[in-house]
Amino acid sequence: MTKAADKQSRLGAGEVPSADSLVNKPIVFAFFCSSLTYLLIAMIAGLLFSFQFLQIYPFPGLEVFSPGRWRMVHTNGVAYGFIASAFLGALHWAVPRLTLRPVLSVKLSWFIWVAWNGVILSTVFGLLTGHAQAVEWGETPMWIDPVALLGLILVAINFLHPIIKVKGPMYVTLWYFIAAFVWTPLVYAMGNFVAQYWVGGTASAALIGLFIHDLVGLFVTPLGWGLMYYFVPVILKKPIWSHGLSLIGFWGLAFFYPLNGIHHFLYSPIPMFLQYGAVISTIAVEVVVTTVVINFFMTLRHRGDALRSNLPIRWFYLGMVFYFTTCLQCAFQVTLTFQKIIHFTDWVVGHSHLVMFGVFGFWILGMMTYLIPKLLNVKDWYRPNWNAWHFWLTGIGMIVMFFDLVSAGLIQGFMWKELVQWETTLVASSPFWLIRLFAGLSMFTGQCFFAANIIMTVKRRASLVASPSAAPAMA
Ligand code: HEM
């Protein structure tokens, strides 16, 4: 097992010359471009909403710019626009290289790219024109749900085709991918169809709780970790420290994660045995996470210099530190004692940002930093130091936003517990919301550096291609 898995991770490193030719680079780049565009739009939506928290209304009286609508553009934009599109791009790179086979059909990939962008743009249109559904993270207007589900099934078929042809033991990345391809359409159907059409009342709320959490745990997490198991050994040029530990991580996730969702509804009318089950399995996930994080940090042993010299590795490992932090937070905030204070406060919003952006967003930005020059066939970025600015502005913004919001959450929670007047708690929260705005601006500026660097790298490449003396500069 170990030998085979090692071999497969080495194949991913590009030792087999044909691996590169199996990847369709334009489709990877196209997914990355849409992903970054949605990230910028979603961040502008987040900034708009942050202004409104401070009672600054850039577009007063315009219904289409009302805070509730832009909040949904923000959350749907980051999840389905930024994260899902980036993962689709990275999968088009990793799956063919790990399986040594192309995806089922590149035409299907392009169809999925068009359809997925269609789904996201119509979701934004539907949300802004007031057609959202009352399902958290499933606000996508009703007519889009079946199309999105069909899209997810097509994605699964396109990638599972090369994966099922792999003979012999599979590297752990492929385990995670298979699981994600099976779980994601099921999770999507559970939240958008079962909870809505077949069950009602508290049962429906319980299912939506599962849906919200399983989107993170059974779609984003397995793809994120699967990609980390691929990219980290490839970039460090050494195999993962322990394949045994990687399997414990995988099966631990599969076993405990699906039970977690109800922890969003502690103290609700959902039966207590289900609430206690969610508490225990959430704490159990923390143990599993520790094994995964140990595995990656042991892999970094004797290569710690990469944290200084290799920007993608820095993005990945900072994301892992954040991952451990969020899961540790989870193990505490899931207890009934802690819930009494932090429920409905900004603590939760701080936690969400650290998970969605600090972890998965950082992994994605690291993958893009590593892959984009390869996709464009150039040796280096237009300005490598702009990428350093990207990292520091984003990293500092993220850390400030996290500490700012969890502090705000604690203050709000204790004030509410003491039954302090609501208006007084708003006044107490305002400085934290102002700091959140500046942290967001720092993160947004970081993304502008990155976007500008991509545009300039593409432009420089175009001029190099046009001039024959440019050849040595191309990779
Ligand atoms: C410019 C940077 C950003 C700003 C200013 C910002 C601001 C906001 C605001 C004001 C909210 C609503 C909070 C509330 O309802 O109390 C929010 C929610 C959220 N944002 Fe952001 N955000 C930013 C970037 C991001 C990024 C990059 C991601 C993920 C990749 C993200 C993920 C989320 C999530 C998941 C929520 C829902 C939180 C919850 O319901 O617990 N945000 N954000």
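A brief structural summary. Keep in mind it's a predicted model, so treat the numbers as computed, not measured.

Conventions adopted
Residues numbered from 1 in each chain as written. Predicted model: local features only at pLDDT ≥ 70, side-chain atom pairs only at ≥ 80, totals over all residues. Helix = DSSP H or I, 4+ residues; strand = E, 2+ residues; numbered from the N terminus. Rg over C-alpha atoms; globule rule 2.2 N^0.38 Å. Buried ≥ 20, exposed ≤ 12 C-beta atoms within 10 Å, placed from the backbone. Contact = placed C-beta atoms within 7 Å. Axes fitted to C-alpha atoms, helices over the stretch in contact; angles between N-to-C directions. Parallel < 35°, antiparallel > 145°, perpendicular 65-115°, else oblique. Nonpolar A, V, L, I, M, F, W, Y, C, P; charged D, E, K, R; others polar. Near = placed C-beta within 6 Å. Domains from an automatic or database assignment. Core = buried A, V, L, I, M, F, W, Y, C linked by C-beta atoms within 7 Å. Expected span 1.5 Å × (residues − 1). Bend = angle between axes of the 7 residues up to and from the residue.

**Observations concerning the overall build of the protein chain**
Per the secondary structure count, the protein chain includes 16 helices and 0 strands. Relative to a compact globule of 475 residues, whose C-alpha radius of gyration would be 23 Å, the protein chain shows 22 Å and is just as compact. Looking at the protein chain as a whole, 45% of its 475 residues are labelled buried. A separation threshold of at least 6 residues defines the contact pool for the protein chain, and within that pool the share at least 24 residues apart is 83%.

**Quick notes on the packing of helix α3 (residues 25-53) against helix α5 (residues 106-128)**
It is the contact of α3 with α5, at a shortest axis distance of 10 Å, that shows an interaxial angle of 10°. Judged on the interaxial angle alone, α5 and α3 are roughly parallel. Taken together, the residues of α5 that come into contact with α3 (itself represented by Ile27, Ala30, Phe31, Ser34 and Tyr38) are Val106, Ser109, Trp110, Trp113, Asn117 and Ile120. Among the residues forming the contact of α3 with α5, the class breakdown is 8 nonpolar, 3 polar and no charged.

**Some words on the site of the ligand**
Around the ligand sit 20 residues, and of these Gly46, Val78, Ser352, Phe357 and Gly440 come closest. Elements that contribute at least two residues to the shell around the ligand include exactly α3, α4 (67-99), α14 (346-375) and α16 (422-466). Ranked by residues supplied to the shell around the ligand, first place goes to α14 with 7 residues. Grouping the constituent residues of the shell around the ligand by class yields 11 nonpolar, 8 polar and 1 charged. Here the shell around the ligand spans two domains, since at least three of its residues come from each of domain 1 (1-264) and domain 2 (304-459 + 471-475).

**Concerning unusual backbone geometry**
Even without being a glycine, Lys237 presents a positive backbone phi close to 60°. Even without glycine at this site, Asn377 takes up a positive phi of about 55°. Mapped onto the secondary structure, Asn377 falls in the loop between α14 and α15 (384-417). The class of Asn377 is exposed, set by 12 C-beta atoms lying within 10 Å.

**Concerning the nonpolar core**
If you look at the biggest cluster of nonpolar residues, it comprises 133 residues, and the most contacted ones within it are Ile83, Leu227, Met228, Phe316, Trp363 and Met367. Excluding residues that lie within four positions of it along the chain, Met228 makes contacts with Phe296, Phe316 and Trp363.

**As for α16**
Between its first and last C-alpha atoms α16 spans 64 Å; for 45 residues at 1.5 Å apiece the expected length is 66 Å, and the two agree. At Ser429, α16 is deflected by roughly 35°, the largest bend along its length, and proline Pro431 occurs up to four residues later in sequence. Residues of α16 that are buried include every one of Phe432, Arg436, Leu437, Ala439, Gly440, Met443, Gly446, Phe449, Phe450, Asn453 and Ile454, and no others. Each element contacted by the buried residues of α16 is listed here: α3, α14 and α15.

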